[in-house]
Each structure stands twice: as C-alpha cells, then as structure tokens.
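Tertiary structure, described
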Amino acid sequence: QVTLVESGGGLVQAGGSLRLSCAASGGTFSSYTMAWFRQAPGKEREFVAVVRHTTGQTYYANSVKGRFTISRDNAKNTVYLLMNSLEPEDSAIYFCAAGRPILSAIETQSMYYYWGQGTQVTVSS
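Thresholds, definitions, all that
Residues numbered from 1 in each chain as written. Predicted model: local features only at pLDDT ≥ 70, side-chain atom pairs only at ≥ 80, totals over all residues. Heavy atoms only, no water. Phe/Tyr/Trp six-rings, centres within 6.5 Å; stacked < 30°, edge-to-face > 60°. Helix = DSSP H or I, 4+ residues; strand = E, 2+ residues; numbered from the N terminus. Buried < 20%, exposed > 50% of the residue type's maximum accessible area, 1.4 Å probe, protein only. Lys NZ or Arg CZ within 6 Å of the ring centre and 35° of its normal.

**Observations regarding the packing of aromatic side chains**
Taken as a whole and judged by the stated rule, the model has 7 aromatic pairs. Plain terms: the ring middles of Phe37 and Tyr112 are 5.5 Å apart, the flat faces sit at 75 degrees to each other, and that makes the pair edge-to-face. Highlighted residues: Phe37 in strand S4 (residues 33-39) and Tyr112 in strand S10 (residues 112-115), separated in sequence by 75 residues. As far as the burial class goes, Phe37 and Tyr112 line up, both buried. Ring centres 5.0 Å apart and planes at 50 degrees place the aromatic pair Phe37 and Trp115 in the tilted group. Remark: Trp115 occurs in strand S10 and Phe37 occurs in strand S4; sequence separation between them is 78 residues. With relative accessibility at 0%, the residue Phe37 sits in the buried group. Trp115 gets classed as partly exposed once you look at its relative accessible area, which sits at 23%. Three or more aromatic residues joined by ring pairs make a cluster, and in this case those are Phe37, Phe47, Tyr112 and Trp115. Residue placement shows Arg72 over the ring face of Phe29; its charged tip is 4.6 Å from the ring centre.

In structure tokens:
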C-alpha cells in the first residue's frame, strides 16, 4: 500500500509560479510511474503530467506544455510539479497518482492504483 501526500498548493496571481510536491511512503517509489491530475469545480478530473519509472520520460497535457515541469527524486520518494506562467484556468485541486500504466494508456486515470488527497491551487486574475 502506497500513501501519497501532496503539498505546495496555494493562492497565486496570474503569471506566477508554484511548485507542488507529492511525498510517497509504504512502497517502492522507484517502481511506479508518477502522474499529476487536476480537477476544477464542475469539471471532470484531467491528466496534467507524468514521469515514467522505467525511462524517466515525461509527458504533458497540451494545455500545460511549456509551462509545467514534472520531475521525481527517487532518493526522497517525491515527485514534483513546477508550474510557471500560471493562468486562472489552472485553478483546480491537483492530485498525484502512482501506477504502472502501459505507454498507450499513460493518461488514463484507471491505470493508477494510488492517489493522494489533493492540494488546492487558485490563480487569481
């Protein structure tokens, strides 16, 4: 059983930056692909970014590409999401997730076994 705890959310002005962290415990962190998803009020949860455990390769949603950077530190059992040039549309609860999805389903939520409780990000205009 893996427990994930997100932190780093908050209120920021448009154009600002935040770095989210997700600390994992209870499992072999390095054996899991780690992803970030987000859910805005009244919307479905959506994929944001992922870093594979096998290759370290990263993938991003088109809406955040070039602004967000996902990284992982296996020594600290932590995955990060650096968010730059934030926009009001980025306001959401951000969740980290752990799993072992195949590449073709790497953005599919059901492929992730473990989820954190989420951290709120609010971007003011």
